[in-house]
Amino acid sequence: MQVFFYKRIGDYLLPSQEGDVIVTVSNFLIKVYDRNSGLELKDVKFKLFGNEIPHLNKLKELEKATGIDVDENYALAFPNPKIRILKLNQLAGYVFEEHVYSVLSSYFNVKRYNNSGIMSLPKLGLTFHNTPDMLVEDKVVVEAKVGLYELEQIRDYERRYSKGVIVFPWAGKCKTSRWVCFNYFLKDHERVVRYIRSLIS
């Protein structure tokens, strides 16, 4: 659990070590308390710094397109602007992955990975890559991405899985050796479905 202190400025909360508001964040759960009374506060608003606004807008666009809602305050509760952006991107990735899983599950048997991983040895040190997002019909790997990704991670996956696709909600930069990339999944997922069918048939 992480704990932050905020102060009230009008209807908004601003980071302040001397503030009268305590914010706790644990996993995707956020709680806000009055520092003096200990009472939980509801419907709070965090003051935006500015740099996170495009990332917040991207998240809201994904929520609207997919019908999957998340609590943006989980990200905005962090007082560091860079961490806010990182957390907003994580939320966007979560929403898009859930949507991709839901769509593909209506056509195929789709498994999701949880705990295992793939080891790689890049030029500088040892890194640990989680397993891909999902596996369709035990044959085709699907990675859901909302932005930039680690090329070395994809190369590790490609060494283990010969058939795979990377899907983006909108346009995205994608470079692979063996897999195929698909943009605009939100507008047209049928292209991905047809391609996967061609791989498993």
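About the thresholds
Residues numbered from 1 in each chain as written. Predicted model: local features only at pLDDT ≥ 70, side-chain atom pairs only at ≥ 80, totals over all residues. Heavy atoms only, no water. Disulfide = S-S within 2.5 Å. Axes fitted to C-alpha atoms, helices over the stretch in contact; angles between N-to-C directions. Helix = DSSP H or I, 4+ residues; strand = E, 2+ residues; numbered from the N terminus. Parallel < 35°, antiparallel > 145°, perpendicular 65-115°, else oblique. Left-handed = near helix turned anticlockwise from the far one by under 90°. Contact = heavy atoms within 4.5 Å. Nonpolar A, V, L, I, M, F, W, Y, C, P; charged D, E, K, R; others polar. pLDDT = per-residue confidence, 0-100. Buried < 20%, exposed > 50% of the residue type's maximum accessible area, 1.4 Å probe, protein only. Pairing = 2+ DSSP bridges. Phe/Tyr/Trp six-rings, centres within 6.5 Å; stacked < 30°, edge-to-face > 60°. Expected span 1.5 Å × (residues − 1). Polar contact = N/O pair within 3.5 Å; in protein donor to acceptor, adjacent residues only side chain to side chain. Salt bridge = Lys/Arg side-chain N within 4 Å of Asp/Glu carboxyl O.

### Overview of the state of the cysteines
Then, number 1: Counting across every chain of the model gives 1 disulfide.
Then, number 2: Linked covalently through their sulfurs, Cys174 and Cys181 form a disulfide whose S-S length is 1.8 Å. Across the S-S bond linking Cys174 and Cys181, the dihedral sits near -60°, which makes this disulfide left-handed.

### Things to note about the packing of helix α1 (residues 53-66) against helix α3 (residues 81-105)
Describing two packed helices takes the angle between their axes plus the distance from one axis to the other.
Then, number 1: Their axes nearest at 9 Å, the elements α1 and α3 cross at an angle of 15°. If you check the angle between α1 and α3, you find them roughly parallel. Classified by chirality, the crossing of α3 by α1 is left-handed. Contact residues: His55, Leu56, Lys58, Leu59, Leu62, Glu63 and Thr66 in α1; Ile85, Leu88, Asn89, Leu91, Ala92, Val95, Phe96 and His99 in α3.
Then, number 2: Classifying every residue of the contact of α1 with α3 gives 9 nonpolar, 4 polar and 2 charged.

### What to know about the confidence of the model for the protein chain
Then, number 1: Per-residue pLDDT for the protein chain averages 88, and the proportion of residues at 70 or more is 92%.
Then, number 2: Long-range and interchain partners of residues 115-128, a stretch whose pLDDT sits below 50, account for 24 contacts in this model, where long-range means more than four residues apart.

### Let's talk about the side chain of Glu52
Then, number 1: Residue position: Glu52 is located in the loop between β4 (29-34) and α1.
Then, number 2: Using a relative accessible area of 1% as the deciding quantity, one classes Glu52 as buried.
Then, number 3: Excluding its chain neighbours within four sequence positions, the residues that come into contact with Glu52 are Lys47, Leu76, Arg84, Ile85 and Leu88.

### Notes on the sheet that holds β4
Then, number 1: The strand order across the open sheet formed by 4 strands is β2-β1-β3-β4, and the pairing between neighbours is antiparallel. In the strand order of this sheet, the two ends are held by β2 (12-15) and β4, each with one partner. On average, each strand axis in the sheet is tilted by 35° relative to the strand beside it, whichever way the strands run.
Then, number 2: As judged from the 4 bridges shared by strand β1 (residues 2-9) and β2, these two strands associate in the antiparallel manner. Its bridge partner lying in β2, Tyr6 is registered against Pro15.

### Focus: the packing of aromatic side chains
The description of an aromatic ring pair rests on the distance of the ring centres and on the angle between the ring planes.
Then, number 1: Tallied over the entire structure, the rule returns 9 aromatic pairs.
Then, number 2: Judged by centre distance (4.9 Å) and plane angle (50°), the ring pair of Phe28 and Tyr74 falls under tilted. Of this pair, Phe28 sits in the loop between β3 (21-26) and β4 while Tyr74 is found in helix α2 (residues 73-76), placing the two residues 46 residues apart along the sequence.
Then, number 3: Residue Phe28 is classed as partly exposed on the basis of its relative accessible area of 47%.
Then, number 4: You can call Tyr74 buried: its relative accessible area is 7%.
Then, number 5: With a centroid separation of 5.5 Å and 55° between ring planes, the pair formed by Phe182 and Tyr195 is classed as tilted. Here the residue Phe182 occupies a position in strand β11 (residues 180-182), and Tyr195 occupies one in helix α5 (residues 190-200), the gap between them amounting to 13 residues.
Then, number 6: Under the relative-accessibility criterion, Tyr195 is labelled partly exposed at 23%.
Then, number 7: Members of the aromatic cluster, joined through ring pairs, are Phe4, Phe28, Tyr74, Phe78 and Tyr94.

### Section: α3
Then, number 1: In a regular helix each residue adds 1.5 Å, so 25 residues correspond to 36 Å; α3 covers 36 Å between its end C-alpha atoms and thus fits that length.
Then, number 2: Two to three positions downstream of the cap, the backbone nitrogen of Lys82 sits 2.8 Å from a side-chain oxygen, assigning the N-cap of α3 to Asn80.

### Description of the pattern of salt bridges
Then, number 1: Scanning all chains against the criterion turns up 12 salt bridges.
Then, number 2: Between Arg8 and Asp20 there is a salt bridge, and its shortest N-O distance comes to 3.0 Å. A residue pair is termed long-range when its members are at least 10 positions apart, and Arg8 in strand β1 and Asp20 in the loop between β2 and β3 qualify at 12 residues.
Then, number 3: Since its relative accessible area comes to 25%, Asp20 is described here as partly exposed.
Then, number 4: Glu52 is paired through a salt bridge with Arg84; the nearest N and O atoms lie 2.8 Å apart. Of this pair, Glu52 sits in the loop between β4 and α1 while Arg84 sits in helix α3, placing them 32 residues apart in sequence. We note that Glu52, like Arg84, is buried.
Then, number 5: Here the salt bridges share partners, and the residues they tie into one network are Arg8, Asp20 and Asp34.

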